[in-house]
Each structure stands twice: as structure tokens, then as C-alpha cells.
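For reference, the chains in residue letters:
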Amino acid sequence: MLASNPLEGVQGNAPLAGAKFFDERSDQSETKARIIQKYFYAWAKVIIPTTKQHGKKIAYIDLYAGPGRYKDGAASTPLLVLEHAINDKDMCSMLVTLFNDASKDHSSNLQQEIDALPGIEKLKFKPDVQCNEVGADAEKFFAERNIIPSFTFVDPFGYKGLSLKIVNGVIKDWGCDCVFFFNYGRINAGLSNDKVKQHMDALFGVERADNLRKKIEGKTPDARETLILEELSQAIKGMGGKFVLPFRFKRGARTSHSLVFVSKAFKGYEIMKGIMAGESSTDDQGVASFTYSPADASTPLLFSLLQPFDKLLADLPKVFAGETLAMRQIYENHSVDTPYTDKNYKEALRQLEAAEVITADPPAAKRPKRAGSVTFADHVKVTFR
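In what follows, the accompanying structure is described. Along each chain, residues carry numbers from 1 onward, in the same order as the chain's sequence is written. Per-residue local features are limited, in this predicted model, to residues with pLDDT of at least 70; the limit for side-chain atom pairs, both in listing and counting, is 80 or more; totals at the level of whole chains, interfaces and linings are taken over all residues. In computing side-chain properties, one takes all heavy atoms of the structure into account and sets aside hydrogens as well as water.

1. Considerations on the packing of aromatic side chains
Then step 1. Note on aromatic pairs: the rings of Phe, Tyr and Trp (six-membered ring only in Trp) are paired at centre separations within 6.5 Å, and the planes decide the class, stacked below 30 degrees, edge-to-face beyond 60, tilted for the rest. One pass over the structure, following the stated rule, counts 19 aromatic pairs.
Then step 2. The interplanar angle of 55° and the centroid separation of 5.2 Å between the aromatic rings of Tyr 39 and Phe 151 together place this pair among those described as tilted. Note that Tyr 39 is positioned in helix H1 (residues 27-51) and Phe 151 in strand E4 (residues 150-154), a separation of 112 residues in sequence.
Then step 3. Of the residues examined, Tyr 39 reaches a relative accessible area of 1% and is grouped as buried. Helix numbers and strand numbers start at the N terminus; a helix is a DSSP run of H or I with at least 4 residues, a strand a run of E with at least 2. Buried, partly exposed and exposed residues are distinguished by accessible area as a fraction of the type maximum, computed with a 1.4 Å probe on protein chains only: under 20%, between the cut-offs, and over 50%, respectively.

This is how it looks when you write it as C-alpha cells:
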């Protein structure tokens, strides 16, 4: 269970670098907010039925919550989450919220905005707004306490306060998932800057950070990005985050930052993959790029040259040669750490069946059609030649 003041003892601090984020909305910030909100609502629907039988509480935690509104008056995620909860019968009686920001102005303004929400008094649990710098005390709390099923958003704008221990702490218990903001541009530069070595070590782990510094030396920008995101994913998995899914944001040709989703459950991974795929700027042959980039959307040729669906068609017969599995088993066994969704697998299997590379039970002739296409349900058995 969450304590009434989980970060007690940490003093308020000045606003973190990057606080101008809330000055105005951008396409990127709106995309980020949609991903967070869509997942939280979907996660809650999955978690609530079980939680009703045990504990009867779920939580939304935002460790860098901001002032509640952008300067143009638009509500940011904390207010939108609360407005949704006010109008949702189950959430209204079950949702515990913790909103923290290192800026006194932000936390004070957020409290005022929350208090002014119509119907806020309907919530069984009053939102908890705090003003703390996220650091060692937060790491200790989340590491040592069992917390209720929670979805946590960690958006430090840079890297201060973001650590492996924080991520591991907020996902370690049942039903707990996390998304964090990974400022690739600043972290890429920070790996070569001795002045912020302790922050890089906290994020990657000392040994992994040292090895990463050696690996990226002399590499091209694209190679550096691939290595850094891969090491981050492996570091998270090494501490218990079984499923890691990054969504990149680009300015021009380069990645500026990513949202990184972490879960211990395939169901959560599957839900978030569908959401991120839908928010991608481009797709090729139905395979999403998992990137928001206006430039890519206007010039999709480079992504198209990857031909990701063709790779899936070629890969499945090799990976599962001689095996018989249900469609759902193929999807769960193969899709982790790939850009492919269940729709991609069903279409690939339809094409492989038509080409007689596989046989299906029941066969296409005995399966129903939808919108003119033969369906490929989760339970259909597939035999690879």
C-alpha cells in the first residue's frame, strides 16, 4: 500500500531543467500524453476486476507532474486522469493518486487546479500532491515497500532522478507497470561528460555505463543510438523488467527522446504495443515504426526500405520449422522485442497458408470470413513444414 507521504523527508527543490515543457503544447507532447492516458485506462480495465477482490485500490503515480495546465490553459495528464476517474464508477472508489514535482510553483498550482475540478469530492481517495526532489529517499521507499497495483509515469525531462532503482522499485509488485521519459539527446551527451557521471551510472549501472562509454566511442550517431537504447533495455531486464518497449520521438533526422514502457506481464506489453503502433507516424506493410516524426511521415521512403513485413514472412518458417503451435503461442513466443503486433502475425500466417508454407487446423475453407478476408483466430493450430 502507498504510504500517505512516500517521499517524506526530501526537501523541496528548484524546478528541474526543462520545466519550460509546460509553456506550450507541441505535437510531440500531445502524442506522449495520449500514449500515457490510453495505456492507463486500458491497464485499469484489466487490473480492476482482480483488485476488487484484493485490496480494492489501484494507483496512478506521476513523479514529475508539472503544474496541471499548459500556458494555453489545456489540461495536462494529471488533470485528465482525475477527470476520467471522477466519471468512472470503479476508479472513483478505487483510485489512489500521487503527484509530485520538485518545483514549489508547479506543485502549488497543480493542487489549485485539482481542487477546482468539478466533482473532485466524489473521489474516495483525495489526490496527494507533493513537492520533492526524486532521489535516494524515493528509491528506498519503492524498493522496501510493497505497493498496490500502480501505473507510474517518470518524466524528469533530463536524467536527474531517473535511475534503475526507481524503475525497478515501481514495477516490482503485482500489477505494477511504468513508463519513463528517456531524454536521448542529453543522455547521449552525458555519457561523455564526467560532470554527470553519477547520473549516468545511476541510470545504467556503473559497470554497464563504463562498458557503454567504450562501445560508443567513435561510432556513428545511428550506431550510438542503437547501442544506448539496447544497453538501457538490457539493464532494465537485468533488474526484473521482463518486457521493455521504447517509442522514439524525432526532431529532423535524429531522435530527441523516447518513452520507454516497462512491465513484467505480456498482457501489458501487448496493450502498449498496440497503442504505440497506433501513434506511430509511419508504417510499412502494416508494421508500425514506433516513432513519432513529422519528417518521417512526409518522407516515408527510408522506413519503407526496411521492408519489415517481408522479414516476418521469411523469419517465421525458419524459427518454427517442424513445429505445431497455436497462433497465440507463435505471437507470444516471437513478438517480444520486435515491432510486430498480433495483426501482423495473423496476416503473415494467412499469406503463408495461401502459399502452402504452413497448414492450419481448421483450414482456411472452414474458418469464417470478416470484411472479405479469412480470419485467423488465436486458437488456430499452425504446422510449419
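Text resumes after the structure shown.
2. Regarding helix H11 (residues 266-279)
Then step 1. With 14 residues, H11 extends 20 Å between its outermost C-alpha atoms, agreeing within 8% with the 20 Å of an ideal straight helix rising 1.5 Å per residue.
Then step 2. Most of H11 sits out of view: 10 of its 14 residues are buried.
Then step 3. Residues of H11 that are buried: Phe 266, Gly 268, Tyr 269, Glu 270, Ile 271, Met 272, Lys 273, Ile 275, Met 276 and Glu 279. For a helix, the expected span equals 1.5 Å multiplied by the residue count minus one.

3. Quick word on the pattern of salt bridges
Once their charged atoms are close, side chains differing in charge can pair, the charge on each being opposite to the other.
Then step 1. Whenever Lys or Arg places a side-chain nitrogen within 4 Å of a carboxyl oxygen from Asp or Glu, that contact is recorded as a salt bridge. What the rule picks out here adds up to 21 salt bridges.
Then step 2. The shortest N-O distance in the salt bridge between Lys 32 and Asp 155 comes to 2.7 Å. Of the two residues, Lys 32 sits in helix H1 while Asp 155 sits in the loop between E4 and helix H6 (164-171), which places them 123 residues apart along the sequence. Comparing Lys 32 with Asp 155 shows no difference in burial state: the two are buried.
Then step 3. The salt bridge involving Arg 328 is made with Glu 270; its shortest N-O contact spans 2.8 Å. You can see Arg 328 sitting in helix H15 (residues 327-334) and its partner Glu 270 sitting in helix H11, a full 58 residues away along the chain.
Then step 4. Ionic contacts of the salt-bridge type, sharing partners, join the residues Lys 197, Asp 201, Asp 210 and Arg 213 into one network.

4. Some thoughts on the packing of helix H9 (residues 206-216) against helix H10 (residues 221-238)
Then step 1. An axis is simply a line fitted to the C-alpha atoms; with a helix, the fit covers only the stretch in contact. Between two such axes, the angle follows the N-to-C directions and lies from 0 to 180 degrees. Interhelical geometry of H9 versus H10 gives an angle of 165° and a closest axis separation of 10 Å. Taken as axis vectors, H9 and H10 run roughly antiparallel relative to one another. Like other packed secondary-structure pairs, H9 and H10 cross with a definite hand, here right-handed. Together, Arg 208, Leu 212, Lys 215 and Ile 216 of H9 and Arg 224, Leu 227, Ile 228, Glu 231, Gln 234 and Ala 235 of H10 make up the contact between the two elements.
Then step 2. All residues other than Ala, Val, Leu, Ile, Met, Phe, Trp, Tyr, Cys, Pro, Asp, Glu, Lys and Arg, Gly among them, are scored as polar; the first ten of these are nonpolar and the last four charged. Looking at the contact of H9 with H10 residue by residue, the class counts come to five nonpolar, one polar and four charged. Our angle categories are set so that under 35 degrees counts as roughly parallel, over 145 as roughly antiparallel, 65 to 115 as roughly perpendicular, and the remainder as oblique. By the definition used in this description, the sense in which the near helix is turned from the far one sets the handedness, with an anticlockwise turn below a right angle giving left-handed and a clockwise turn giving right-handed. In what follows, a contact means two residues having at least one pair of non-hydrogen atoms within 4.5 Å.

5. Focus: the sheet that holds strand E5 (residues 177-182)
Strand pairing in a sheet is mediated by backbone hydrogen bonds. Such pairs are either parallel or antiparallel.
Then step 1. Any two strands are treated as partners once DSSP identifies two or more bridges connecting them. Taken in spatial order, the eight strands line up as E3-E2-E1-E4-E5-E7-E6-E10 in an open sheet, and their pairing is mixed. Two strands close off the open sheet at either side, each with one partner strand: strand E3 (128-130) and strand E10 (291-292).
Then step 2. Two elements, strand E6 (residues 243-251) and E10, share two bridges in a ladder whose sense is parallel. By the bridge assignment for E10, Arg 248 is matched with Thr 291.
Then step 3. In the packing of H6 onto the sheet, the strands contacted are E4, E5 and strand E7 (254-263), and the crossing angle to E5 comes to about 155°.

6. With respect to the pairing of E7
Then step 1. Burial analysis of E7 places nine of its 10 residues in the buried class, which makes it a mostly covered element.
Then step 2. Bridge count for E5 against E7 is five bridges, and the pairing is antiparallel. For Val 179, the partnering residue across the bridge sits in E7 and is Phe 261.
Then step 3. By the bridge criterion, nine bridges tie E6 to E7 in an arrangement that is antiparallel. Residue pairing across strands places Arg 248 opposite Ser 258, the latter belonging to E7.
Then step 4. A loop of two residues connects E6 with E7, the two strands running antiparallel in sequence, and Gly 252 in this loop sits at a positive phi of about 70°.

7. Considering the pairing of strand E12 (residues 358-361)
Then step 1. In E12, alternate side chains face the same way, and those of Ile 358 and Ala 360 are buried while those of Thr 359 and Asp 361 on the opposite face are not.
Then step 2. Both E12 and strand E15 (residues 381-384) contribute to a ladder of four bridges, which runs antiparallel. Paired with Ile 358 across the bridge in E15 is Phe 384.

8. Quick look at unusual backbone geometry
Then step 1. Following Asp 361, the chain continues to Pro 362 via a peptide bond in cis, the omega torsion being 0°.
Then step 2. Considering the arrangement of structural elements, one finds Pro 362 in the loop between E12 and strand E13 (369-370).
Then step 3. The backbone of Lys 56 sits at a positive phi, close to 60°, despite the residue not being glycine.
Then step 4. Relative to the assigned elements, Lys 56 resides in the loop between H1 and strand E1 (58-62).
Then step 5. With relative accessibility at 54%, the residue Lys 56 sits in the exposed group.
Then step 6. The backbone of Gln 285 sits at a positive phi, close to 55°, despite the residue not being glycine.
Then step 7. Checked against the element boundaries, Gln 285 lands in the loop between strand E8 (283-284) and strand E9 (287-288).
Then step 8. The class for Gln 285 is partly exposed, based on a relative accessible area of 38%.

9. Describing the nonpolar core
Taken as a class, soluble globular proteins show a tendency for nonpolar side chains to be buried jointly.
Then step 1. Within the largest apolar cluster, 68 residues are counted, with the highest numbers of intra-cluster contacts made by Phe 40, Tyr 60, Met 272, Leu 316, Ile 330 and Leu 349.
Then step 2. For this core, the element with the highest residue contribution is H1, accounting for nine residues.
Then step 3. Joining through side-chain atoms within 4.5 Å is the link that ties buried Ala, Val, Leu, Ile, Met, Phe, Trp, Tyr and Cys residues into a set, and such a set is a nonpolar core. Counting 41 residues, the second largest nonpolar core, distinct from the first, contains Ala 59, Leu 63, Phe 180 and Leu 203.

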